[in-house]
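Architecture at a glance
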Amino acid sequence: QVQLVESGGGLVQAGGSLRLSCAASGLTFSWYDMGWFRQAPGKEREFVAAISWSGGSTYYADSVKGRFTISRDNVKTVYLQMNSLKPEDTAVYYCAADLRGSSLYTKSSVKDYDFWGQGTQVTVSS
């Protein structure tokens, strides 16, 4: 079965950096666009970033543009490099996979993705 396993979360001071990883198994990785979402306590899950199956296209939420970078290797892992972290970035971060075919720029909703990981906690202290 499909598994997405996130890692790399933790506690960091404001202005610091973290790199999240998501290892995929049970699917043909190159067939899938990948996304990162986050959910803060009491809030809905929100889009952070997405990357196309080839890695050639990326898409970011305005709130993280210029600070976060999404990337992927050719095997099974997608990354989220997070720099200049702010307390408002505190959330559980989830990776997600969606079969390629439609435009990456339409994939910013939870309903657009077929598979999800369990999440990794990121806490940014002020």
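A separate point is the side chain of S52. Within the secondary structure, S52 is located in the loop between β5 (46-51) and β6 (58-60). Every residue in contact with S52, bar those within four places of it in the chain, is listed here: Y32, D33, S57, R72 and L104.

Before going further, it helps to spend a moment on unusual backbone geometry. If you check the backbone angles, S84 has positive phi at about 50° while not being a glycine. Along the chain, the position of S84 falls in the loop between β8 (77-82) and β9 (91-99).

The description of an aromatic ring pair uses the distance of the two centres, along with the angle that the planes make with each other. For the structure on display, the rule yields seven aromatic pairs. Centroid distance F37 to F47: 5.6 Å. Interplanar angle 75°. Geometry classified as edge-to-face. Highlighted residues: F37 in strand β4 (residues 32-39) and F47 in strand β5, separated in sequence by 10 residues. The class of F37 is buried, set by a relative accessible area of 1%.

A few words on the pairing of β5. With five of six residues buried, β5 is to be regarded as a mostly interior element. Of the pairings in the sheet, the one linking β4 to β5 comprises five bridges and is antiparallel in character. By the bridge assignment, W36 is partnered in β5 with A49.

Looking now at the pairing of β9. Successive residues of a regular strand alternate their side chains across the two faces of the sheet. In terms of residue burial, β9 counts as a mostly covered element, since seven of its nine residues are buried. Across eight bridges, the pairing between β4 and β9 is antiparallel. Considered in β9, the bridge of R38 is made with Y93. As defined by bridge partners, β9 adjoins strand β11 (residues 120-125) across three bridges and the pair is classed as antiparallel. Opposite A91, over in β11, you have V122 as the bridge partner.

The next point concerns the side chain of S21. On the secondary structure map, S21 appears in strand β3 (residues 18-25). If we ignore the near neighbours within four places in the chain, the residues touching S21 are V5, E6, S7, W36, T77, V78 and Y79.

Right, let's get into the sheet that holds strand β1 (residues 3-7). The strand order across the open sheet formed by four strands is β1-β3-β8-β7, and the pairing between neighbours is antiparallel. The open sheet has two edge strands, β1 and β7 (68-72), and neither has a second partner. Each strand of the sheet is rotated relative to its neighbour by a mean of 15°, with strand direction disregarded. Note: β3 against β8, six bridges, orientation antiparallel. Pairing of A23 across the sheet is with T77, part of β8.

Reading the values: rules and limits
Residues numbered from 1 in each chain as written. Predicted model: local features only at pLDDT ≥ 70, side-chain atom pairs only at ≥ 80, totals over all residues. Heavy atoms only, no water. Helix = DSSP H or I, 4+ residues; strand = E, 2+ residues; numbered from the N terminus. Contact = heavy atoms within 4.5 Å. Phe/Tyr/Trp six-rings, centres within 6.5 Å; stacked < 30°, edge-to-face > 60°. Buried < 20%, exposed > 50% of the residue type's maximum accessible area, 1.4 Å probe, protein only. Pairing = 2+ DSSP bridges. Axes fitted to C-alpha atoms, helices over the stretch in contact; angles between N-to-C directions.

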